[in-house]
Amino acid sequence: MGQSSSSGSGRRASASSNYPGQRAPPSQSTQPTRQSERRPPPRGTGVNPGTRATRQPGAYSTSGGRTPGQNGRSPNSQLYQVRIPAGVRGGQTFQVEINGNRVNVRCPDAMRAGQNLRISLPNNPQNEERRERQAYMVTIPTGVRSGEQFRVMVNGQELMVTCPPNARPGTNVRIFPPDPAPNQSTSSTSSPQIQTFEVQVPAGVMPGQPFALIANGQRVLVTCPSTAGPGQRIRFQLPVGGSNSGGTTQIQGVKLSYDKDGWTRCIDPTDQKFHWILSQTDETTRRKSTEAKEDDIPKFEPLKFAVMRKLNFNGNGPVPSSVPNNPMRHSVTMSLALATEVPSECVIQRPPHVEGSGPLYTHSDLAQVHSGDFKSKLSWFREACLKMRTPWEDEHSFIFVRRSHLMEDSVKAVMMLDAKQLRNMFRFEFIGEPGIDAGGVAREWFQLVSEQLFHPDFGLWQYSAVNQMCMQINANSGLANADHLLYFRFTGRVLGKALFDGQLIAAHMIRHLYKHLLGWPLMFEDIEMIDDEVYRSLLQMFEYNGDIEDLCLDFTVTEDCMGETKVIELIENGAEVDITNDNLKLFLEESLKYRVCTRVQEQLRELLIGFYEVVPEALMLVFDFQELELVMCGMPHIEMDDWKTHTDYMGQYESQQENHQVTKWFWEVVEEYDEELRARLLQFVTGTSGVPAQGFAYLQGNDGNIRKFCINSISVSSSLFPRAHTCFNRIDLPLYTSKQQLKDKLTLAVQMECTGFDID
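Residues numbered from 1 in each chain as written. Predicted model: local features only at pLDDT ≥ 70, side-chain atom pairs only at ≥ 80, totals over all residues. Heavy atoms only, no water.

K.L.:
Is there a simple way to explain the overall build of the protein in this structure?
P.N.:
Broken down by element type, the protein carries 17 helices and 31 strands. Looking at the protein as a whole, 53% of its 760 residues are labelled buried. Within the protein, contacts between residues at least 6 apart in sequence are counted, and of these 69% link residues at least 24 apart. (Helix = DSSP H or I, 4+ residues; strand = E, 2+ residues; numbered from the N terminus. Buried < 20%, exposed > 50% of the residue type's maximum accessible area, 1.4 Å probe, protein only. Contact = heavy atoms within 4.5 Å.)

K.L.:
Help me understand a nonpolar patch on the surface in this model?
P.N.:
There is a patch of nonpolar side chains on the surface, built from Tyr544, Leu551 and Leu553 and spanning about 240 Å² of accessible area. Positionally, tyrosine 544 belongs in the loop between α10 (532-542) and β26 (556-561). (Patch = residues over 30% accessible without salt bridge, like charges linked within 9 Å, V, L, I, M, F, W, Y side chains within 5 Å. Areas by Shrake-Rupley, 256 points an atom, 1.4 Å probe, with all protein chains shown as cover. Salt bridge = Lys/Arg side-chain N within 4 Å of Asp/Glu carboxyl O.)

K.L.:
I'm lost on the nonpolar core in this one. Help?
P.N.:
Soluble globular proteins: nonpolar side chains tend toward being buried together. Formed by 118 residues in total, the largest nonpolar core has its most connected members in Trp445, Trp461 and Phe490. The dominant element in this core, judged by the number of residues it contributes, is helix α7 (residues 484-501), at nine residues. Among all residues touching phenylalanine 490, those that are not within four sequence positions of it are Met407, Ser410, Val411, Val414, Met415, Trp445, Val449 and Leu453. Grouped together as the second largest cluster of nonpolar side chains are 29 residues, Phe666, Phe696, Phe709 and Leu733 included. (Core = buried A, V, L, I, M, F, W, Y, C linked by side-chain atoms within 4.5 Å.)

K.L.:
Explain the packing of helix α8 (residues 511-518) against helix α13 (residues 625-633) here, please?
P.N.:
Packed helices, taken two at a time, are described by the angle between their axes plus the distance between the axes. In contact at an axis separation of 9 Å, α8 and α13 are set at 95° when each is read in the N-to-C sense. When the axes of α8 and α13 are compared, the pair comes out roughly perpendicular. From α8, Arg511, Tyr514, Lys515, Leu517 and Leu518 reach across to α13, where they touch Phe625, Leu628, Glu629, Met632 and Cys633. (Axes fitted to C-alpha atoms, helices over the stretch in contact; angles between N-to-C directions. Parallel < 35°, antiparallel > 145°, perpendicular 65-115°, else oblique.)

K.L.:
Honestly, helix α2 (residues 363-370) in this entry has me stumped. Any pointers?
P.N.:
At 3.6 residues per turn, the α-helix brings residues three or four places apart onto the same side. Most of α2 is tucked away: seven of the eight residues are buried. When α2 is considered as a whole, its buried residues turn out to be His363, Ser364, Asp365, Leu366, Ala367, Val369 and His370.

K.L.:
What's the story with the packing of helix α15 (residues 661-672) against helix α17 (residues 739-751) in this structure? I'm lost.
P.N.:
Running from N to C, α15 and α17 cross one another at 55°; their axes reach a closest spacing of 9 Å. When the axis of α15 is compared with that of α17, the two are oblique. Where α15 crosses over α17, the handedness of that crossing is right-handed. Residue-level contacts link Val662, Trp665, Phe666, Glu668, Val669 and Glu672 of α15 to Lys739, Leu742, Lys743 and Leu746 of α17. Split into classes, the residues belonging to the contact of α15 with α17 amount to six nonpolar, no polar and four charged. (Left-handed = near helix turned anticlockwise from the far one by under 90°. Nonpolar A, V, L, I, M, F, W, Y, C, P; charged D, E, K, R; others polar.)

K.L.:
When you look at the environment of valine 466 in this model, what are you seeing that I'm missing?
P.N.:
Within the fold, valine 466 resides in the loop between β22 (461-463) and β23 (470-473). Spatially, the C-alpha atoms of valine 466 and aspartate 531 are 6.1 Å apart, while their sequence positions differ by 65 residues.

K.L.:
What am I meant to see in the pattern of salt bridges here?
P.N.:
Side chains bearing opposite charge may pair, as long as their charged atoms lie close to each other. Applying the stated criterion across every chain, the model contains 27 salt bridges. Two residues, arginine 489 and glutamate 613, come together in a salt bridge whose shortest N-O distance is 3.7 Å. Here glutamate 613 lies in the loop between α12 (601-612) and α13 and arginine 489 lies in helix α7, a separation of 124 residues in the sequence. Salt bridges sharing common partners tie together Lys377, Asp624, Glu627, Glu676 and Arg680.

K.L.:
Help me out: how do you make sense of the packing of aromatic side chains in this one?
P.N.:
Given two aromatic rings, one states the distance between the centres and the angle between the planes to describe the pair. Evaluation of the coordinates by the stated rule reveals 20 aromatic pairs. Centre to centre, the rings of tryptophan 520 and phenylalanine 625 are 5.6 Å apart; their planes meet at 85°, and the pair counts as edge-to-face. Placement of the pair is tryptophan 520 in the loop between α8 and β25 (522-523) and phenylalanine 625 in helix α13, with a sequence separation of 105 residues. Residue phenylalanine 625 is classed as buried on the basis of its relative accessible area, which comes to 8%. Judged by centre distance (6.5 Å) and plane angle (50°), the ring pair of tryptophan 667 and phenylalanine 709 falls under tilted. (Phe/Tyr/Trp six-rings, centres within 6.5 Å; stacked < 30°, edge-to-face > 60°.)

K.L.:
Whenever I open this one, a negative patch on the surface confuses me. Can you help?
P.N.:
Residues Asp547, Glu549, Asp550, Glu569, Glu572, Glu576 and Asp578 make up a contiguous surface patch of negative charge. Note on placement: aspartate 547 falls in the loop between α10 and β26. Its relative accessible area of 34% is what places aspartate 547 among the partly exposed residues. (Lys, Arg positive; Asp, Glu negative; His and termini not counted. Charge placed at Lys NZ, Arg CZ, Asp CG, Glu CD.)

K.L.:
Hey, could you run me through the sheet that holds strand β24 (residues 508-509) in this one?
P.N.:
By way of backbone hydrogen bonds, the strands of a sheet pair with one another, either parallel or antiparallel. Pairing is mixed in the open sheet, where three strands are placed in the order β22-β23-β24. Two strands in the sheet have a free side with no partner beyond their single neighbour: β22 and β24. The pairing of β23 with β24 spans two bridges and is parallel. Opposite methionine 471, over in β24, you have methionine 509 as the bridge partner. (Pairing = 2+ DSSP bridges.)

Written out as structure tokens, the structure reads:
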């Protein structure tokens, strides 16, 4: 009688009573069962949890395909388990959905609401065909009513979906996209072709030195041959042709003179990996670490010296996409190296279930996507995750937790899965609650778990000393929780799975942790976001004109460990080594390494391993750290009136405040921004896109006191672009002469805060 949203009419089904207390799986109202499955399966096996007599906390993975008969053939009928809805009495008929079709079921006279029963249903070729097609869950947008159509993007294809009867905005509905046209290729990736390029060696480049150039729209690092010199022409080969581009879209090189860090990625044809280089002319010829002499290694300079974490598997290579499922220890080590010494993998292998040959994505695809805007990046990323997700019919996982033991059960469930299963589709259930996970239960689980994980009282994380909207790793987490490393691995998996599934995390992390997730260089200025007092102290030492030895300092730092002062040596026997003018740079380098990594190295390693068990590291190359925060935490809700009301003004803006011509232009431009640019402006000025729950009136500074958003005037001659002071939530806004000039410079400053593949 009932009809599905796409095809088919309802069919009668014969019913038989089932074991008392059994419940349908959380993913849908029905699920195939076998008559022989009467005993509860051990946790972590591939047995359908719908056949269990009772629910137990844990994770259970199962395939969603047909139940095989003899010789591997499908039987003529199949058993399903359903639960009698509330209000239904014996003899009454109710509807359930099976494989997208509405089925009428008669409740046996001897049964009542809440009990489970089994029904047998003949196989339908139409159902079998549909089961082989990928189903997608979409959310009905705000303002759409029953019968109206709305647009969705699925695998890069725009579809029109009709809102089903009795559905309302915010409801999740399942759709089956049409098959591609016969002449449309089912493979999204074509194998890259090798192309030879000829370039001229730039002036000043010596034999054996690398230099950067643009080839095929990509930034490439080329090493000058030993037999060549400046002015001579050399040849090199580079794979070209993307997996999704369908052409050779060129990447625009953005050239600007802007007072930022200047680090950028480029591809090295010799190893086909991305390398970080400084884009300044005098730094692009820096010798690679494998060929460098000790004198060639760059020394500490606040704007040039950068380090990067390096993950190694078995001590000799990058961590693979699937690592052994040992929740505490395996042979993955982490160290720090110069940013120029750590290459990044830029090939994402094709999963077995995706048709085609060769890699799923190559460096060409990643570089092309990175050159797009945030919305196009996010759309591509979502599509890539869908391709890598294990199809439901191959395997999916159920996560059962008790609300009263949420963290204990969640850690137990997620950590019993191996890395491959983390890319399964998850269905969540709170034991003892009737909710069916159509997306809402999953959102609630990620919200509740992330809130508990990042709460300071849990002991793993603590508020940033600079911005209490952001969380940083608690260096003393081991004292609060003996299993803290297990919990950090779990946290990494939760963050990765949320990103992979398009869920949001209820916490903002400190900036340099997003850089760690992305594999970005970490610089001296990152210390400012960790501890502004330490940053200013180190900066004063660097700028000290006298004899630094007069300060009687050594290579140690002191830490407060649960009320006890602990002395940490930055180098071997650091307490015996005095800081002098000769070794000051070494002290500053070691201080940077300690603050951004070494201090929490074990916790950070587990966090990264757990994260990359879900999301391939190469897939993260398309985002910058500001975009990653927006993807993981969502766009902030910004009330413009609240923002304007709780803004302070300094300099020439102080007397007229929002009535000054320049500040008028400023607010007009911000009003014209979309939510992404407003969020980026907040990140630029305050260091995070987060807004306090009480509004802008409660923005905090680095000292923990209220520091409202502040606009300060400066002359255009002192700086053409706006400057930000995140510790004070202050933006230095030049006295521009036109609204268009202000808009151009502000927008460029906000968008180009980060480095990337294509900044000169």
